[in-house]
Amino acid sequence: ALGLVVLLLSTLEKKPFSGIKYQNKLVPQGSTSKIGVRKGESVTFYNLYSDDSFQFFGKRSFNIALNGLLRCLQDAGQAVEKLDRTIALPYPIECAPAGLLTIGGMSVAYGPDGEQWTRAMK
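Residues numbered from 1 in each chain as written. Predicted model: local features only at pLDDT ≥ 70, side-chain atom pairs only at ≥ 80, totals over all residues. Heavy atoms only, no water.

Enquirer: Can you explain the sheet that holds strand E4 (residues 93-95)? Please cite residues and give values.
Expert: Strand order in the open sheet made by the three strands is E4-E5-E6, with antiparallel pairing throughout. Looking at the sheet topology across the chains shown, the edges are occupied by E4 and strand E6 (106-107). Relative to strand E5 (residues 101-103), E4 is paired through three bridges, and the arrangement is antiparallel. Its bridge partner being in E5, Cys 95 is matched across the sheet by Leu 101. Contacts from helix H2 (residues 60-83) reach E4 and E5, with the element oriented near 65° to E5. (Pairing = 2+ DSSP bridges. Helix = DSSP H or I, 4+ residues; strand = E, 2+ residues; numbered from the N terminus. Contact = heavy atoms within 4.5 Å. Axes fitted to C-alpha atoms, helices over the stretch in contact; angles between N-to-C directions.)

Here it is as structure tokens:
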């Protein structure tokens, strides 16, 4: 499903006169989509999928990718609101103290059980 979100956001950015420009770089590749998170002049690419293999730092890379995707969604929402004030995202996307984004006050970081992540994604 995240691959479809990346494809949709990428298509919206390429639409003429949409006014949508993302801080990060989207790479739509179906179920193996990636996101390039910009830090200054450099771009680091992260996978927007997880293969459930052992990772020394858990799901850190996946969580960075989710945060980058949420930033793109926030950018798209702000651009659309500038064009039409009657359209708004149903839940606010805000920056938490740790620098991670939250949607409706819920973190999108994938935790050990995935329950909170599932609620945030709904």
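Enquirer: So, the layout of surface pockets: which residues are in play, and what are the values?
Expert: In this approach, a probe sized like a water molecule rolls over the atoms, and the result shows the empty space that is left. Empty space within the largest pocket amounts to approximately 580 Å³. As for the largest pocket, its lining consists of 27 residues, and the residues nearest its centre are Leu 2, Val 5, Leu 73, Ala 120 and Met 121. Secondary-structure elements contributing two or more residues to the lining of the largest pocket are helix H1 (2-14), H2 and helix H3 (115-121). Across the lining of the largest pocket, the residue classes break down as 19 nonpolar, six polar and two charged. By volume, the second largest pocket amounts to about 210 Å³. When residues of the lining of the second largest pocket are traced back to their parent elements, those giving at least two are strand E2 (34-39) and H2. (1 Å grid on protein atoms, 1.4 Å probe; cavity = no way out; pocket = protein on both sides within 12 Å on 5 of 7 lines; lining within 4 Å. Points joined across faces, edges and corners; volume = space filled by probe spheres on them. Nonpolar A, V, L, I, M, F, W, Y, C, P; charged D, E, K, R; others polar.)

Enquirer: Would you mind going over the environment of Lys 34 in detail, with residue names and values included?
Expert: Locating Lys 34 in the fold gives a position in strand E2. Residues Lys 34 and Gly 105, spaced 71 residues apart in sequence, show a C-alpha to C-alpha distance of 25 Å. Those residues in contact with Lys 34 that sit more than four places away from it in its chain are Lys 25, Leu 26, Val 27, Gln 29, Tyr 46, Asn 47 and Leu 48.

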